[in-house]
Amino acid sequence: MFNILIIGSGGREHAIAKSISKSQLPHQIFALPGNPGIATFAKLLTSSIQDFTAIIDHIHNHKIHIVICGPEAPLAEGLMDFILAKMGEDAPILIGPKQFAAQLESSKNFAKEFMQRHQIPTAAYQKFTIENLQEGIQFIDQLNIPIVLKADGLAAGKGVLICQEKAEAKKELEKMLQGKFGSASKLVVIEEFLKGIEFSVFVLTDGEDYVLLPEAKDYKRIGEGDTGLNTGGMGAISPVSFFNDELKEKVISKIIEPTIQGLKKEKIDYCGFLFFGLIVVDGEPFVIEYNVRMGDPESESVFSRIDSDLLDLFLRCRSHQLESAEMKINPNYCTTIILASGGYPEDFEKSKKLLIPSMDDPNVTVFHCGTKVESNTLVSNGGRVLAISAMGQSKEIALQRCRHLATEIQYEGKYYRRDIGFDVN
Ligand code: AMP
Ligand code: GLY
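Only a predicted model underlies this, so the values are computations on that prediction, with no experimental measurement involved.

The rules behind each value
- One numbering rule holds for all chains: residues counted from 1, following each sequence as written.
- Chains carry letters and ligands carry numbers; both start at the beginning, A for chains and 1 for ligands, and go up in the order they are written.
- Thresholds applied to this predicted model are a pLDDT of at least 70 for local features of residues and 80 or more for the giving and counting of side-chain atom pairs; totals over whole chains, interfaces and linings are not thresholded and use all residues.
- Side-chain measures were taken over the full set of non-hydrogen atoms in the model, leaving aside hydrogen atoms and water.
- Burial status follows relative accessibility: with a 1.4 Å probe on protein chains alone, a residue under 20% of its type maximum counts as buried, one over 50% as exposed, and anything between as partly exposed.
- The way it works is that DSSP assigns letters per residue, a run of H or I at least four long becomes a helix, a run of E at least two long becomes a strand, and they are numbered from the N terminus.
- Criterion used throughout: strands pair if DSSP finds at least two bridges between them.
- Counted as salt bridges are all cases of a side-chain nitrogen of Lys or Arg within 4 Å of a carboxyl oxygen of Asp or Glu.
- Neighbouring residues are identified by heavy atoms, a residue being near a molecule or strand if any of them is within 4 Å of it.
- Here a polar contact means two N or O atoms within 3.5 Å. Within protein one must be a hydrogen donor candidate and the other an acceptor candidate, and residues neighboring in sequence count only if both atoms are side-chain atoms.
- Here the Shrake-Rupley method, with its probe set to 1.4 Å, supplies the accessible areas, and only the displayed protein chains count as covering residues.
- Think of it as three bins: nonpolar holds Ala, Val, Leu, Ile, Met, Phe, Trp, Tyr, Cys and Pro, charged holds Asp, Glu, Lys and Arg, and polar takes everything else, Gly as well.
- Contacts are assigned to residue pairs that have any heavy atoms within 4.5 Å of one another.
- Every axis in this analysis is a line fitted to C-alpha atoms, fitted for helices over the stretch in contact. Angles between the N-to-C directions lie between 0 and 180 degrees.
- The disulfide definition used here is simple: a pair of cysteine sulfur atoms within 2.5 Å.

S.K.: Lay out the pairing of strand β16 (residues 272-281) with the relevant residues and their values.
M.R.: The element β16 is largely enclosed, with a buried count of 10 among its 10 residues. In this structure, strand β10 (residues 197-205) lies alongside β16, joined through nine bridges in antiparallel fashion. Each residue of the ladder has a partner; that of Ile197, found in β16, is Val280. Pairing of β16 with strand β17 (residues 284-291), which is carried by seven bridges, proceeds in the antiparallel orientation. Bridge pairing in β17 places Phe276 opposite Tyr290.

This is the structure in structure tokens:
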């Protein structure tokens, strides 16, 4: 019996739990803290995900064989290093990198320097601190607009500014270096703006080999037509029609392989998911960002298309047998529409009663993103509340299934984008 601990409480973790639950291998899933949707597949544990000592206790108490960390924050804070330091050889299989490698996501500068060392295509850039603010201002003068300013550290998805005017960019640079995003923006990366279409690819790697997971495109802005404020993501589709064989070959040879080889050359241990946020400019892929985890809501579409046994893939990470794994990917589409709370990504109210009709369509899944049970009632508990995912032989059929359920689910302040997937043929 394999005991598995999933850390996190969103739609991504719900999708991972559902995927593991289909494993042919005997298993028991635990989730910390999980959510009411995840509870269908897992026993929920309580304690803060920041309390690493309590996590070690859970690992001992439940004889955990595999820990999967969903979100980036515990990885950036060194959860995996802590488990290894406390448990040594007895540590479970850890799906998620140690703190040093997690800098691929937690430090834009670390990621940019890594890409530069390994000739991985990315936007041209320079880095600045308050000490060389004047040089930063001169660098802005040399660039074409728009100008992209990025806080080096994690800033809850808000640390990237795209300025349409140089004067605005200079002002923002100064504010960032003076602490607009706290210590995250003590160092700022200024980079060239790339105009193209974004999508993401994902691998599971043991640091030696990797398996390519289905690609996805997410919809980051709150408003239809991709307008308004950035969010965690308002929907996702997979597959991405423009990810043809030619582009796939380029992504593998110019981005994925050099990244895995680069980790190996630099002796950076990496076991876990690696998410490549890409942009295609005139047919050429560039890396916008690395994330050291899966995406949300991309996971809801990606894992729904993986027919391989996910638990078997995790076990192969320890024995370095990923190379011989057979990836079975469902050729059908999976689309995901996020149902959010009115007001998100700014202020919103929680604890709204959720009415979800009972469904008998096996093509459709309602993943829980921000929900909880209050007085025996399922209520909202976050900006992103539910993710409706549907499989279909075409994108249109899948989207139609999602939209049908999106109208049927009821709660006060329900908001969702009606244009997910329409921009890609
Ligand atoms: P990041 O946090 O690095 O993923 O950036 C957030 C979003 O900003 C990305 O998803 C892109 O839409 C946009 N972005 C970041 N860097 C660039 C760039 N160099 N050129 C164009 N858009 C960018
Ligand atoms: N949906 C984007 C992310 O998970 O980073």
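Read on for the rest.
S.K.: I'd like a rundown of the pattern of salt bridges, residues and numbers included.
M.R.: Scanning the model with the defined rule gives 24 salt bridges in all. Between Glu172 and Lys180 there is a salt bridge; the shortest N-O distance is 2.8 Å. Owing to a relative accessible area of 13%, Glu172 belongs among the buried residues under this scheme. Here Glu198 ties to Lys220 by a salt bridge, and the two come within 3.8 Å at their closest N and O atoms. Of this pair, Glu198 sits in strand β10 while Lys220 sits in the loop between β12 (217-218) and β13 (221-223); the two residues are 22 residues apart in sequence, bridging distant segments of the chain. Accessibility expressed as a relative area gives 36% for Glu198, which makes it partly exposed. By relative accessible area, Lys220 is classed as partly exposed at 29%. In the salt-bridge network here, residues are joined through shared partners; they are Glu246, Lys250, Lys254 and Glu284.

S.K.: I'd love a proper account of the site of ligand 1, names of residues and values included.
M.R.: Around ligand 1, the surrounding shell holds 14 residues, and the nearest of these are Glu191, Glu192, Leu194, Glu198 and Glu289. One nitrogen or oxygen atom from the main chain of Leu194 is found 2.8 Å from a nitrogen atom belonging to ligand 1. Considering ligand 1 on its own, with 470 Å² of exposed area, one finds that the protein chains cover 88% of that surface. Every element with two or more residues in the shell around ligand 1 is listed here: β7 (147-151), β8 (160-163), β9 (188-192) and β17. Considering only residue class, the shell around ligand 1 consists of seven nonpolar, no polar and seven charged.

S.K.: I'd like a rundown of the side chain of Asp218, residues and numbers included.
M.R.: Checked against the element boundaries, Asp218 lands in strand β12. Among all residues touching Asp218, those that are not within four sequence positions of it are Gly232, Gly233, Gly235, Ala236, Pro297 and Glu298.

S.K.: Provide a residue-level description of the site of ligand 2, including the pertinent values.
M.R.: Around ligand 2, the neighbouring residues are Asp218, Gly232, Phe275, Asn291, Arg293, Gly295, Asp296, Pro297 and Glu298. Contact distances for ligand 2 include 2.8 Å between a nitrogen atom and a side-chain N or O atom of Asp218. Asp296 has a polar backbone atom sitting 2.9 Å from a nitrogen atom of ligand 2. Surface burial for ligand 2 is 88%, taken as the share of its 200 Å² of free accessible area covered by protein chains. Residues belonging to the shell around ligand 2 are distributed by class as follows: two nonpolar, three polar and four charged.

S.K.: Residues and numbers for the environment of Leu161, please.
M.R.: Within the secondary structure, Leu161 is located in strand β8. Through-space distance from the C-alpha of Leu161 to that of Ala124 is 16 Å; in sequence the pair is 37 residues apart. Here Leu161 is in contact with Ile147, Val148, Leu149, Glu172, Met176 and Lys180, once residues within four sequence places are set aside.

S.K.: Any chance you could break down the sheet that holds β7 for me, citing the residues and the numbers?
M.R.: What the four strands build is an open sheet, ordered β6-β9-β7-β8; its pairing is antiparallel. Whereas interior strands pair on both sides, the edge strands pair on one side only; in this sheet they are β6 (125-128) and β8. If you compare each strand with its neighbour and ignore which way they point, the axes differ by 20° on average. Taken together, the four bridges between β7 and β8 define a ladder with antiparallel strand orientation. By the bridge assignment for β8, Ile147 is matched with Cys163.

S.K.: Tell me about the environment of Arg417, and please be specific about residues and values.
M.R.: Along the polypeptide, Arg417 turns up in the segment after β23 (414-415). On the basis of relative accessibility, which here comes to 1%, the residue Arg417 falls in the buried class. From its side chain, Arg417 meets the backbone oxygen of Arg221 in a polar contact 2.8 Å long. In this structure the side chain of Arg417 is engaged in a polar contact, spanning 3.2 Å, whose partner is the backbone oxygen of Gly223.

S.K.: Provide a residue-level description of the state of the cysteines, including the pertinent values.
M.R.: Considering all chains together, one arrives at zero disulfides under this definition. Cysteine Cys271 shares no disulfide, and the gap to the nearest cysteine sulfur, in Cys317, comes to 4.2 Å.

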